[in-house]
Amino acid sequence: MPQQHGQVLTAECVSKLYRRGSEQVAALNDVSLTVNRGEILACVGPSGSGKTTLLNILGCLENPTSGRVKVYEQIIVDEKKRLSEWALTKIRRQVFGYIFQKFYLIPTLTVSENVMLPFVFYRKHDAPADVDSILRFVGIEHRKYHLPVQLSGGEMQRVAIARALVNKPSVLLADEPTGSLDSTRTEEIGELFKQLCRTEGIAIVLVTHNLHFAQIADRIIELRDGKLSRPS
Ligand SMILES: Nc1ncnc2c1ncn2[C@@H]1O[C@H](COP(=O)(O)OP(=O)(O)O)[C@@H](O)[C@H]1O
Ligand SMILES: [Mg+2]
């Protein structure tokens, strides 16, 4: 992947319809945006406005009903074409780090093992050293051998961030990454995100309800009923 490229993600006229019984819900309605290398883009908007859907489509976890998504100029999906599941899996693994709204930590694994999980599958060899430095980076090193149940919400959040970073993604997608945190922890996560952009050139797309937290972003977009209500 050409990591030095300016635009890492592009959505062009993306719409997503969900069927709900006999009804159709337009979760996204003609959304176009770009995400550049090393920038933080925040997406705000009321509940149900399409934020998670947008994040999932940008992260190649879901297909749009229409429109085009590109990752580093490579077309993932458009009217004519859709990458194979095999190719998508490779892109998800090489390009993206995902922080889901629920952390999805495995309760029977330690912090360190949870973080190492993606590594175990993809990059067996240099796992231990890398994991330690990532744990240090997110400030959770001292909890390495603890189980999720022994952690605070803020600590679990850090573990989820560490796990998203373990494959050295070039794009971090974060759905409500400070959802359950107090303002001090929220600020710490903000600093961490800014540092990732500065030092690693990672692009971050974050979805948040917290307008104050959104201020860490270089750009803020707003979704309302599946439509962008601010230019991106
Ligand atoms: N899998 C699904 N099936 C049907 N409707 C869905 C599905 N996912 C989301 N929706 C609907 O799409 C709209 C946008 O949802 P979502 O992207 O989760 O919004 P947000 O993250 O902003 O709360 C909502 O009306 C939601 O109910
Ligand atoms: Mg959501």
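The preceding data block contains the structure.
Residues numbered from 1 in each chain as written. Chains lettered and ligands numbered in written order. Predicted model: local features only at pLDDT ≥ 70, side-chain atom pairs only at ≥ 80, totals over all residues. Heavy atoms only, no water.

### Some points on the sheet that holds strand S1 (residues 7-20)
Across the sheet, which stays open at both edges, the four strands sit in the order S2-S1-S4-S5 with antiparallel pairing between neighbours. Each edge of the open sheet is held by one strand with a lone partner, namely strand S2 (23-36) and strand S5 (74-77). Neighbour-to-neighbour, the strand axes of the sheet open up by a mean angle of 25°, direction not taken into account. Across the sheet, helix H1 (residues 51-58) touches S1, S2 and strand S4 (66-71), and the angle it forms with S2 is around 55°. (Pairing = 2+ DSSP bridges. Helix = DSSP H or I, 4+ residues; strand = E, 2+ residues; numbered from the N terminus. Axes fitted to C-alpha atoms, helices over the stretch in contact; angles between N-to-C directions. Contact = heavy atoms within 4.5 Å.)

### Points about unusual backbone geometry
A positive phi is found at Tyr 104, a non-glycine position, where the angle reads about 55°. Judged by relative accessible area, Tyr 104 falls into the exposed class, the value being 56%. In this model, Lys 168 sits at a positive phi of 50°, which is unusual for a non-glycine residue. Positionally, Lys 168 belongs in the loop between helix H5 (153-165) and strand S7 (171-175). (Buried < 20%, exposed > 50% of the residue type's maximum accessible area, 1.4 Å probe, protein only.)

### Some details on the packing of aromatic side chains
Inspection of the entire model under this criterion finds four aromatic pairs. For the pair Phe 193 and Phe 213, a centre-to-centre distance of 6.3 Å together with 55° between the ring planes defines the contact as tilted. Residue Phe 193 is located in helix H6 (residues 183-200), and its partner Phe 213 is located in the loop between strand S8 (203-207) and strand S9 (219-224); the two are separated by 20 residues in the primary sequence. Of the residues examined, Phe 213 reaches a relative accessible area of 2% and is grouped as buried. A connected cluster of aromatic rings, assembled from ring pairs, spans Phe 96, Tyr 98, Phe 100 and Tyr 104. (Phe/Tyr/Trp six-rings, centres within 6.5 Å; stacked < 30°, edge-to-face > 60°.)

### A few points about the pattern of salt bridges
Summed over all chains, the structure comprises 15 salt bridges. Note that Lys 16 is salt-bridged to Glu 62, the shortest N-O span being 3.6 Å. Of the two residues, Lys 16 is situated in strand S1 and Glu 62 in the loop between H1 and S4; the sequence distance between them amounts to 46 residues. Between Glu 85 and Arg 92 there is a salt bridge, with the nearest N and O atoms lying 3.0 Å from each other. Relative accessible area serves as the criterion here: at 43%, Glu 85 is assigned to the partly exposed category. With relative accessibility at 17%, the residue Arg 92 sits in the buried group. (Salt bridge = Lys/Arg side-chain N within 4 Å of Asp/Glu carboxyl O.)

### Details of the site of ligand 1
Neighbouring ligand 1 are Tyr 18, Arg 20, Val 25, Ala 27, Pro 46, Ser 47, Gly 48, Ser 49, Gly 50, Lys 51, Thr 52 and Thr 53. The backbone of Ser 49 places a nitrogen or oxygen atom 3.2 Å from an oxygen atom of ligand 1. Here an oxygen atom of ligand 1 sits 2.8 Å away from a polar atom, N or O, in the side chain of Thr 52. Here ligand 1, which alone exposes 560 Å², has 65% of that area covered by the protein. Where the shell around ligand 1 is concerned, the elements lending two or more residues are S1, S2 and H1. With three residues, H1 is the largest single contributor of residues to the shell around ligand 1. A class-by-class count of the residues in the shell around ligand 1 yields four nonpolar, six polar and two charged. (Near = heavy atom within 4 Å. Polar contact = N/O pair within 3.5 Å; in protein donor to acceptor, adjacent residues only side chain to side chain. Areas by Shrake-Rupley, 256 points an atom, 1.4 Å probe, with all protein chains shown as cover. Nonpolar A, V, L, I, M, F, W, Y, C, P; charged D, E, K, R; others polar.)

### Topic: the side chain of Thr 10
Tracing the backbone shows Thr 10 in strand S1. Discounting residues that sit within four places of it in the chain, Thr 10 has contacts with Leu 33, Thr 34, Arg 68, Val 69 and Lys 70.

### Section: a nonpolar patch on the surface
A contiguous nonpolar surface patch, about 300 Å² in accessible area, is contributed by Leu 61, Phe 100 and Tyr 104. Secondary-structure assignment places Leu 61 in the loop between H1 and S4. A relative accessible area of 35% means that Leu 61 is categorised as partly exposed. (Patch = residues over 30% accessible without salt bridge, like charges linked within 9 Å, V, L, I, M, F, W, Y side chains within 5 Å.)

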